[in-house]
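What follows is each chain in one-letter form.
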Amino acid sequence: RAALVPPRRVADALCQGSLGATGSSHCRSPPSDPLLRPYFPSRHGPRHHHRHVRDCQPVKYGNVTYEAWPSDNRTGGPVATTRTFVSYIPPEGEDRKAVYGHFTFVRNPLRTVSVLEPGGAGGCQAYRRAPVEETAKLGKCLVAQNGGYFDMGTGECLGNVVSDGKLVRNSGGLQNAQFGIRKDGTMVFGYLSEEDVLDQTNPFVQLVSGVVWLLRDGEVYISQSQMAECDEIQTTGTFDKFINVISARTAVGHDNQGQLVLVHVDGQTESRGVNLWEMAEFLKQQGIINAINLDGGGSATLVLNGTLASYPSEHCPFDSMWRCPRSISTIVCIHEPTCEPADCSGHGDCVQGECHCTGDFWRGPACDILDCGPSNCSLHGICTDAGCLCDAGWIGSNCSEECPMGWYGPNCQKPCACEHMCPCDRETGSCNTTYELAIQEQLNKEVLLTWIFLLSDRKTWISMTSVLALLLVVSAMGNVGRFLKARSKRHHESGDYLYHPLREMNGEV
């Protein structure tokens, strides 16, 4: 079909929406949508401090300006499930309208969700913009949806950005609705101080900024968000229009099972779609607990398995008949489970989020622990990825055996050079040492060898037997003589004793 398109249009089609690494492009960009820019034409975000948000929120929340929820950590089943909906909003009444879009339910978000920079790592620093499809392909995303806000003129990423544990952008405490995942898997929704963002006790591994906290603890929170995120008269009108205009919308939230939920609603500003009040009420009806609004309008994009699944609202620059996805900033990427670290410390393979260690001795969830068994090389060696490396003078799979007599050194490969077969030091080979046990063992061996030599000759064996028999007879005769002599002596000495009958010494009893 490309052959039927004029060359000029082909060139425009190839460059549509995608910017180079420097953030510049010769392609024509469609006009931005001021109604979906909450602070236009002012600087993005409110000027007040986090304390203002804390002090102005409802009393029942105390000093806590965000909600935390433990994420689902199941590893079985599909990573994510995407469902398409067509619903009437509101459900009843003459003014109801049909809206359509997608819900994506994500398991184990700590291991399967990433906030990615546009066009790959370094995209925010380079003020790069890229279509969701392009960034999703680089990140091997199963599902990808547009993420945070950005400057339509410069391409600058706005708000906080943490991507796979790396702090890409610190907004300096800008009070817009945030979504993040901490290192322990806790999902966070709401308003954060700069200290919260930079906290290293349980740091964020993913973080992205939206605008407007839609649902807080299952209740619509838009009015409170207006107070928290808009503080100047000149932006109030723009912010109200941003909330109330119907358009394409995207959001991120969670359900009561701890599953992350991505929501995309198709639309076109002032023509079709939903406003944020309708969006929040619709999410509440679907059982969403906490949710924040992400970039919408022409930025609203959903990609499934590398294919565009949403209906873009912007006209293509090469022909207004067609619709093209906008080049945007960060994305929320759903991918196969990752391991921590991703390369399993170089000693294993990552399979569905778990490290399968290679070799016989690497252990642990990160394959970073060498384990040569409970004996720990018998304290006579060190554990290596090839097994126990024994100290000099020791051998065996667990380094539990000393070198045989006459050998020393590593692996007992060097023979002793001592005179008269004397033992040497098993570690150094020094002859200036003695081993009582070794000497006794050597003497025993010599005696045994002597007997074996003597008994190997028949005549010698008979002679030795005769000598032993004679010695036995002589010994027996000597013992008999000594016995008779001792008996005669005791009989002779018995005449010196006098025996007297016992008598009563203390009177009769």
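Residues numbered from 1 in each chain as written. Predicted model: local features only at pLDDT ≥ 70, side-chain atom pairs only at ≥ 80, totals over all residues. Heavy atoms only, no water.

Colleague: Just checking my understanding: could you explain the overall build of the protein chain for this structure?
Modeller: In terms of helices and strands, the protein chain carries 10 helices and 28 strands. Among the 509 residues that make up the protein chain, the fraction classed as buried is 42%. A separation threshold of at least 6 residues defines the contact pool for the protein chain, and within that pool the share at least 24 residues apart is 61%. Surface summary for the protein chain: the accessible area is close to 28500 Å², and the carbon and sulfur share equals 55%. (Helix = DSSP H or I, 4+ residues; strand = E, 2+ residues; numbered from the N terminus. Buried < 20%, exposed > 50% of the residue type's maximum accessible area, 1.4 Å probe, protein only. Contact = heavy atoms within 4.5 Å. Areas by Shrake-Rupley, 256 points an atom, 1.4 Å probe, with all protein chains shown as cover.)

Colleague: What is the right way to look at a nonpolar patch on the surface in this model?
Modeller: A contiguous nonpolar surface patch, about 340 Å² in accessible area, is contributed by Val86, Tyr100 and Tyr311. If you trace the backbone, tyrosine 100 turns up in strand 3 (residues 97-106). For tyrosine 100, a relative accessible area of 31% gives the class partly exposed. (Patch = residues over 30% accessible without salt bridge, like charges linked within 9 Å, V, L, I, M, F, W, Y side chains within 5 Å. Salt bridge = Lys/Arg side-chain N within 4 Å of Asp/Glu carboxyl O.)

Colleague: How should I be thinking about the environment of aspartate 151 in this particular structure?
Modeller: Among the secondary structure elements, aspartate 151 is positioned in the loop between strand 5 (143-146) and strand 6 (161-163). A sequence separation of 24 residues divides aspartate 151 from tyrosine 127, and the C-alpha atoms of the two residues are 9.0 Å apart.

Colleague: When you look at the sheet that holds strand 5 in this model, what are you seeing that I'm missing?
Modeller: By way of backbone hydrogen bonds, the strands of a sheet pair with one another, either parallel or antiparallel. One open sheet holds the 5 strands; their spatial order is 4-18-5-16-17, and the pairing between them is antiparallel. Each end of this open sheet is capped by a strand with a single partner; those strands are strand 4 (113-116) and strand 17 (307-308). Pairing analysis gives 4 bridges linking strand 5 to strand 18 (residues 331-334), with the strands arranged antiparallel. Bridge pairing links alanine 144 to cysteine 333 in strand 18. (Pairing = 2+ DSSP bridges.)

Colleague: When you look at the packing of aromatic side chains in this model, what are you seeing that I'm missing?
Modeller: Think of a pair of aromatic rings as described by two things: how far the centres are apart, and how the planes are tilted against each other in angle. Scanning all chains against the criterion turns up 11 aromatic pairs. Residues tyrosine 61 and tyrosine 221 carry aromatic rings whose centres are separated by 5.9 Å and whose planes lie at 85° to one another, so their mutual orientation is edge-to-face. Of the two residues, tyrosine 61 is situated in the loop between helix 2 (50-56) and strand 1 (66-70) and tyrosine 221 in the loop between strand 12 (219-220) and helix 6 (222-229); the sequence distance between them amounts to 160 residues. Tyrosine 221 carries the same exposure label as tyrosine 61, and that label is buried. (Phe/Tyr/Trp six-rings, centres within 6.5 Å; stacked < 30°, edge-to-face > 60°.)

Colleague: I'm lost on the environment of aspartate 368 in this one. Help?
Modeller: You can see aspartate 368 is positioned in the loop between strand 21 (362-363) and strand 22 (369-370). Spatially, the C-alpha atom of aspartate 368 lies 8.5 Å from that of glycine 346, the residues being 22 residues apart in sequence. Residue contacts for aspartate 368: discarding those within four places in its chain leaves Ser345, Trp362 and Arg363.

Colleague: Would you mind showing me how to read empty space enclosed by the protein here?
Modeller: One water molecule sets the probe size; rolling that probe over the atoms shows where empty space is left. For the coordinates displayed, the defined rule picks out 1 cavity of 30 Å³ or more. Considered as a void within the structure, the largest cavity measures approximately 70 Å³ in volume. Of all the secondary structure elements, the ones that give two or more residues to the lining of the largest cavity are helix 2 and helix 6. The class makeup of the residues in the lining of the largest cavity is 6 nonpolar, 3 polar and no charged. (1 Å grid on protein atoms, 1.4 Å probe; cavity = no way out; pocket = protein on both sides within 12 Å on 5 of 7 lines; lining within 4 Å. Points joined across faces, edges and corners; volume = space filled by probe spheres on them. Nonpolar A, V, L, I, M, F, W, Y, C, P; charged D, E, K, R; others polar.)

Colleague: Can you help me understand the sheet that holds strand 6 in this one?
Modeller: Ordered by their spatial adjacency, 6 strands build an open sheet running 1-9-8-10-6-7, and the pairing between neighbours is antiparallel. In this open sheet, the two edge strands, each paired with only one partner strand, are strand 1 and strand 7 (166-169). Each strand axis lies, on average, 25° off the axis of its neighbour in the sheet, ignoring direction. (Axes fitted to C-alpha atoms, helices over the stretch in contact; angles between N-to-C directions.)

Colleague: How do you make sense of the state of the cysteines when you look at a structure like this?
Modeller: Structurally, a disulfide amounts to a covalent bond that connects the sulfur atoms of two cysteines. Applying the stated rule across the entire model yields 12 disulfides. One disulfide in the model links cysteine 124 with cysteine 157; its S-S distance is 2.1 Å. Every disulfide takes its handedness from the sign of the S-S torsion; for cysteine 124 and cysteine 157 that torsion is -90°, giving left-handed. Of this pair, cysteine 124 sits in the loop between strand 4 and helix 4 (132-138) while cysteine 157 is found in the loop between strand 5 and strand 6, placing the two residues 33 residues apart along the sequence. For cysteine 157, a relative accessible area of 1% puts it in the buried group. (Disulfide = S-S within 2.5 Å.)

Colleague: Looking at this structure, I do not really get the pairing of strand 14 (residues 260-265). What am I missing?
Modeller: Two faces make up the sheet, and in a regular strand the side chains alternate between them. Of all 6 residues that make up strand 14, 6 are buried, and the element is covered over most of its length. Burial along strand 14 is two-sided: the face carrying Leu260, Leu262 and His264 and the face carrying Val261, Val263 and Val265 are both buried. Here strand 3 pairs with strand 14 via 6 bridges, running antiparallel. Bridge pairing in strand 14 places glycine 101 opposite valine 265. One ladder, built from 6 bridges, connects strand 13 (residues 249-254) with strand 14; its direction is antiparallel. Bridging from a neighbouring strand, histidine 254 pairs with leucine 260 of strand 14. The turn linking strand 13 back onto strand 14 is made up of 5 residues, and glycine 258 within it adopts a positive phi angle of 85°.

Colleague: Any chance you could explain the side chain of serine 171 here in plain terms?
Modeller: Looking at the secondary structure, you find serine 171 in the loop between strand 7 and strand 8 (178-182). Engagement of the side chain of serine 171 in a polar contact is seen with the backbone nitrogen of leucine 174, the distance being 3.2 Å. When residues no more than four places from it in sequence are discounted, the contact partners of serine 171 are Gly159 and Asn160. (Polar contact = N/O pair within 3.5 Å; in protein donor to acceptor, adjacent residues only side chain to side chain.)

Colleague: When you look at the pattern of salt bridges in this model, what are you seeing that I'm missing?
Modeller: For side chains of opposite charge, pairing can occur when their charged atoms come near one another. Under the counting rule described, the total for this entry stands at 9 salt bridges. Between arginine 74 and aspartate 72 there is a salt bridge, with its nearest N and O atoms 2.5 Å apart. A residue is classified by how much of its surface remains accessible, and arginine 74, at 35% relative accessible area, is partly exposed. Given the relative accessible area of 5%, aspartate 72 is considered buried. Between arginine 182 and aspartate 199 there is a salt bridge, with the nearest N and O atoms lying 3.9 Å from each other. Residue arginine 182 is located in strand 8, and its partner aspartate 199 is located in the loop between helix 5 (194-198) and strand 10 (204-209); the two are separated by 17 residues in the primary sequence. On the accessibility criterion, arginine 182 (8% relative accessible area) is buried.

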